[in-house]
Amino acid sequence: MLNFSINKQLCTQCGLCIGDCPARIISMAEDNFPTILTEKEGNCYKCQHCLAICPTAAVSILGLKPEESRMLAGNYPDPDRLETLIKGRRSVRRYQHEELEPALIQRLLDVAWHAPTGVNARDVLFTVVDSRDKLIALRQEVMEGLGLLVRENRLPEQMVFFANFVKLWDEKKVDIIFRDAPHLLIATAPSGAASPIPDCLISLSYFELFAQSLDVGTLWNGLAKWAMFDLVPDMRKRLGIPGDHAIGYVMTFGKPAVRYLRTVQHGTALINRFNQ
């Protein structure tokens, strides 16, 4: 059940919810108020466009109350500050040992959960290592698995450089793979979804930018992804990630132990313009 309802005292019968419905399932009932016929409910994308566009907060769907949504007018960030946030984003490879508060981690994940997905599937799964002790234990298992591959000379040719990481860890406890971060995030999605990998990458991009606004550092960690899911594949089961999920990417995060003072200068974008 969609629980689509109209507050007739607030509805102005403007038809905005009808015109903006991507699935085109909202129509005017005989009383001239919007409705969704029962036989069309299965076609709903659950996008909540109808709730978001209503100027008088008359539309409710999925049991959600419009008055509990945030108003957009006057609450968007300043464009110049947003540009600075995007251009000032840095990959953080040095972290404080201090853990983030659980409420902050939850907030980061809830915001990232609002990222768009193909056909609004909303099936990206966040697997999070939420404490330093857990990540230390996980790192130990991964390094032991990599060490076994090195000793048995079973590293794939294109990944023999991992032997250097194992050596640094064994001899000096230098962590090149996880960067001694306190937290780890893995985004996965069902392989049969419309766009599993893009969905994961978009959600992590949302996570990263919001994290930076809260002074939380992040790293798109390809080394950890290769180590855990290509070289030591038992980690998938160990982490509880479903076997039918595609691995989007891995991100380490935490309070940065380094502070950057200015944006970098990459110049203008590479652009290919279509000309008729």
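As shown above, the structure is provided for reference.
Everything numeric in this text was worked out from a predicted model, so none of it was measured.

A.B. asks: Where do I start with the sheet that holds strand S7 (residues 217-220) in this structure?
C.D. replies: What links the strands of a sheet is backbone hydrogen bonding, and the strands pair in either a parallel or an antiparallel sense. Pairing is antiparallel in the open sheet, where four strands are placed in the order S5-S6-S8-S7. Each edge of the open sheet carries a strand with a single partner, namely strand S5 (125-129) and S7. Strand-to-strand twist in this sheet, taken as the mean axis angle between neighbours without regard to direction, amounts to 25 degrees. Pairing of strand S6 (residues 183-190) with strand S8 (residues 245-254) involves eight bridges; the strand directions are antiparallel. Its bridge partner lying in S8, proline 190 is registered against histidine 245. Against the sheet, helix H8 (residues 222-231) touches S6, S7 and S8, its axis set at about 130 degrees to S8.

A.B. asks: Is there a simple way to think about the environment of arginine 238 in this case?
C.D. replies: Residue position: arginine 238 is located in helix H9 (residues 234-239). It is 40 Å that separates the C-alpha atoms of arginine 238 and alanine 52, two residues lying 186 residues apart in sequence.

A.B. asks: Help me understand helix H6 (residues 162-172) in this model?
C.D. replies: Considered for burial, the residues of H6 that qualify are Phe162, Phe165, Val166 and Trp169. The buried residues of H6 all sit within an arc of 100 degrees when viewed along its axis, so they share a single face. For H6, the exposed residues set more than 90 degrees away from the buried face come down to Glu171 and Lys172. Next to the buried residues of H6 lie helix H5 (132-151) and H8. Lysine 173 sits one or two residues past H6 and shows a positive phi near 55 degrees.

A.B. asks: Would you explain the nonpolar core in this entry?
C.D. replies: A general tendency of soluble globular proteins is for nonpolar side chains to be buried together. One finds Leu146, Phe162, Ile177, Leu184, Ile186 and Met228 to be the most contacted residues of the largest nonpolar core, which totals 34 residues. Those elements that provide at least two residues to this core are H5, H6, S6, H8, H9 and S8. Ignoring anything within four residues of it in the chain, the contact list for isoleucine 177 reads Met143, Leu146, Phe162, Phe165, Asn221, Leu223, Ala224 and Ala227.

A.B. asks: What is the right way to look at the environment of asparagine 43 in this model?
C.D. replies: Mapped onto the fold, asparagine 43 is located in the loop between strand S3 (34-36) and helix H2 (49-53). Look at asparagine 43 and you get partly exposed, because its relative accessible area is 47%. Apart from residues no more than four positions distant in its own chain, asparagine 43 is found in contact with Ala23 and Ile25.

A.B. asks: Please explain the pattern of salt bridges as it appears in this structure.
C.D. replies: Between side chains of opposite charge, pairing is possible as soon as their charged atoms come close. Going through the model one piece at a time under the given rule, you end up with 11 salt bridges. The closest approach of N and O atoms between glutamate 208 and arginine 89, which form a salt bridge, is 3.1 Å. On the criterion of sequence distance, the pair formed by glutamate 208 in helix H7 (residues 196-213) and arginine 89 in the loop between helix H3 (79-87) and helix H4 (102-112) is long-range, its members being 119 residues apart. Residue arginine 89 is classed as partly exposed on the basis of its relative accessible area of 23%. Across the pair aspartate 180 and arginine 132 runs a salt bridge, and its minimum N-O distance is 3.1 Å. In this pair, aspartate 180 is assigned in the loop between H6 and S6 and arginine 132 in helix H5, connecting sequence segments 48 residues apart. For aspartate 180, a relative accessible area of 25% gives the class partly exposed. Shared partners join several salt bridges into a network, and the residues in it are Arg132, Arg139, Asp175 and Asp180.

A.B. asks: So what exactly am I meant to see when it comes to the side chain of arginine 132 here?
C.D. replies: For arginine 132, a relative accessible area of 13% corresponds to the buried category. Arginine 132 has contacts with His97, Glu99, Asp180, Ala181 and Pro182, leaving out every residue within four places of it along the chain.

A.B. asks: Mind showing me how you'd approach the pairing of S6 here?
C.D. replies: Residues in a regular strand project their side chains so that they alternate between the two faces of the sheet. Most of S6 is tucked away, with seven of its eight residues classed as buried. Where S5 lies against S6, five bridges are found, and the strand directions are antiparallel. Pairing of valine 128 across the sheet is with leucine 185, part of S6.

What counts as what
- For every chain, the first residue of the written sequence is number 1, and numbering continues from 1 onward in sequence order.
- Local features in this predicted model are restricted to residues whose pLDDT is 70 or higher, and side-chain atom pairs enter the listing and the counts only when it is 80 or higher, whereas totals over whole chains, interfaces and linings include all residues.
- Values reported for side chains reflect all heavy atoms of the structure, with hydrogen atoms and water molecules removed beforehand.
- Between any two strands, at least two bridges found by DSSP are needed for them to pair.
- We count a stretch as a helix when DSSP gives it H or I for four or more residues in a row; a strand needs E for two or more, and each element gets its number in order from the N terminus.
- A fitted line through C-alpha atoms represents every axis, and for helices the fit uses only the stretch in contact; the resulting angles, taken between N-to-C directions, go from 0 to 180 degrees.
- Throughout, a contact is declared for two residues whenever any of their heavy atoms are within 4.5 Å.
- Whether a residue is buried, partly exposed or exposed follows from its accessible area with a 1.4 Å probe, protein chains only, as a fraction of its type maximum: under 20%, in between, or over 50%, in that order.
- In this description, one arc is meant: the one made by directions from the helix axis to the C-beta atoms.
- The criterion is simple. A nonpolar core is a set of buried Ala, Val, Leu, Ile, Met, Phe, Trp, Tyr and Cys residues joined through side-chain atoms within 4.5 Å.
- Here, a salt bridge means any Lys or Arg side-chain nitrogen found within 4 Å of an Asp or Glu carboxyl oxygen.

The quantities given are spatial measurements derived from coordinates; they are silent on function.
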